[in-house]
Amino acid sequence: MKVQTYSNHIRFYPWHHFVYYPVLTIFLVASIYFAFHTDDHLIWSFISVGFVFLFCLAFMLRQHYALILQNRIVCLELRYRYFTLTGKRLEEFEYKLSKDQIFALRFAPDEELLPLIEDALKNNLSGDAIKKAIVHWKADYNRV
């Protein structure tokens, strides 16, 4: 594997960056051109709107993928913190916690984490209730 440096740290997904977007751009430009230079203005306008929609959809999917990945990382972080604090694996009972509870627990500092996990399991606290129970908030400034 090539050593990463400043000059080569940017990565591209070729099918997305060099095929999908350029082809979509060409189709969009062509449909706009035909909307103004043919007698079928209405149909080409609808086609243009469809291509704009595809652009927006692709952009929104990128954001969605980032959020899914961040959710996965939050779960892994909580597993690691739990293992560090207890020497035991969170996976043994993680299935009893909802995603909402797990995402709320990330704001708890280490001193409050274990009692909050026990309380969440025992009393089925909502994510919002867990957040309100945190005394010393551990901020997450890196969330998208």
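What counts and how
Residues numbered from 1 in each chain as written. Predicted model: local features only at pLDDT ≥ 70, side-chain atom pairs only at ≥ 80, totals over all residues. Heavy atoms only, no water. Core = buried A, V, L, I, M, F, W, Y, C linked by side-chain atoms within 4.5 Å. Buried < 20%, exposed > 50% of the residue type's maximum accessible area, 1.4 Å probe, protein only. Helix = DSSP H or I, 4+ residues; strand = E, 2+ residues; numbered from the N terminus. Contact = heavy atoms within 4.5 Å. Expected span 1.5 Å × (residues − 1). Bend = angle between axes of the 7 residues up to and from the residue. Axes fitted to C-alpha atoms, helices over the stretch in contact; angles between N-to-C directions. Parallel < 35°, antiparallel > 145°, perpendicular 65-115°, else oblique. Nonpolar A, V, L, I, M, F, W, Y, C, P; charged D, E, K, R; others polar. Polar contact = N/O pair within 3.5 Å; in protein donor to acceptor, adjacent residues only side chain to side chain. Patch = residues over 30% accessible without salt bridge, like charges linked within 9 Å, V, L, I, M, F, W, Y side chains within 5 Å. Areas by Shrake-Rupley, 256 points an atom, 1.4 Å probe, with all protein chains shown as cover. Salt bridge = Lys/Arg side-chain N within 4 Å of Asp/Glu carboxyl O.

**With respect to the nonpolar core**
Then, in step 1: Counting residues in each nonpolar core, the largest one holds 20 residues, and the members touching the most others are L78, I102, L105, L113, L116, I117 and I130.
Then, in step 2: Within the residue set of this core, elements represented by two or more residues are helix 2 (41-86), helix 3 (99-105) and helix 4 (110-123).
Then, in step 3: Look past the residues within four positions of L113 in its chain and what remains in contact with it is L78, R81, L85, L105 and A108.

**Here's the deal with helix 1 (residues 14-37)**
Structural remark: α-helix, 3.6 residues per turn; residues separated by three or four positions point the same way.
Then, in step 1: An ideal rise of 1.5 Å per residue puts 34 Å on 24 residues; helix 1 measures up with 33 Å between its terminal C-alpha atoms.
Then, in step 2: Along its length, helix 1 shows its largest kink, about 25°, at Y20, and proline P22 lies within four residues downstream of that point.
Then, in step 3: The complete set of buried residues in helix 1 reads H16, Y21, L24, L28, S31 and A35.
Then, in step 4: The inward-facing, buried residues of helix 1 abut helix 2.

**Quick look at the packing of helix 2 against helix 4**
Then, in step 1: With their axes 11 Å apart at the nearest point, helix 2 and helix 4 run at an angle of 100° to one another. In terms of orientation, helix 2 lies roughly perpendicular with respect to helix 4. Of the residues in helix 4, those in contact with L78, R81, Y82, L85 and T86 of helix 2 are D110, L113, L114 and I117.
Then, in step 2: Grouping the amino acids of the contact of helix 2 with helix 4 by side-chain chemistry returns six nonpolar, one polar and two charged.

**What to know about the side chain of S31**
Then, in step 1: Summarising the element assignment, S31 is placed in helix 1.
Then, in step 2: Within the structure, S31 has its side chain in polar contact with the backbone oxygen of L28 (distance 2.9 Å).
Then, in step 3: Beyond its immediate sequence surroundings of up to four residues, S31 is in contact with W44, I47, S48 and F51.

**Let's talk about helix 4**
Then, in step 1: The end-to-end C-alpha distance of helix 4, which contains 14 residues, comes to 20 Å, matching closely the 20 Å that a straight helix rising 1.5 Å per residue would cover.
Then, in step 2: Turning to helix 4, its buried residues number three or more, namely E112, L113, L116, I117 and A120.
Then, in step 3: Packing partners of the buried residues in helix 4 comprise helix 2, helix 3 and helix 5 (127-133).
Then, in step 4: Just downstream of helix 4 lies N124, where phi reads positive at about 50°.

**Section: a nonpolar patch on the surface**
Then, in step 1: The grouping of I10, F12, Y13, W15, F18, V19, V23, I26 and F27 at the surface amounts to a nonpolar patch, some 1,000 Å² of accessible area in total.
Then, in step 2: Within the element layout of this structure, I10 appears in the segment before helix 1.
Then, in step 3: Accessibility expressed as a relative area gives 56% for I10, which makes it exposed.

**Comments concerning the side chain of Q101**
Then, in step 1: One can find Q101 in helix 3.
Then, in step 2: Its relative accessible area of 3% is what places Q101 among the buried residues.
Then, in step 3: Beyond its immediate chain neighbours, meaning those up to four positions away, Q101 contacts K96, A120, N124, L125, G127 and I130.

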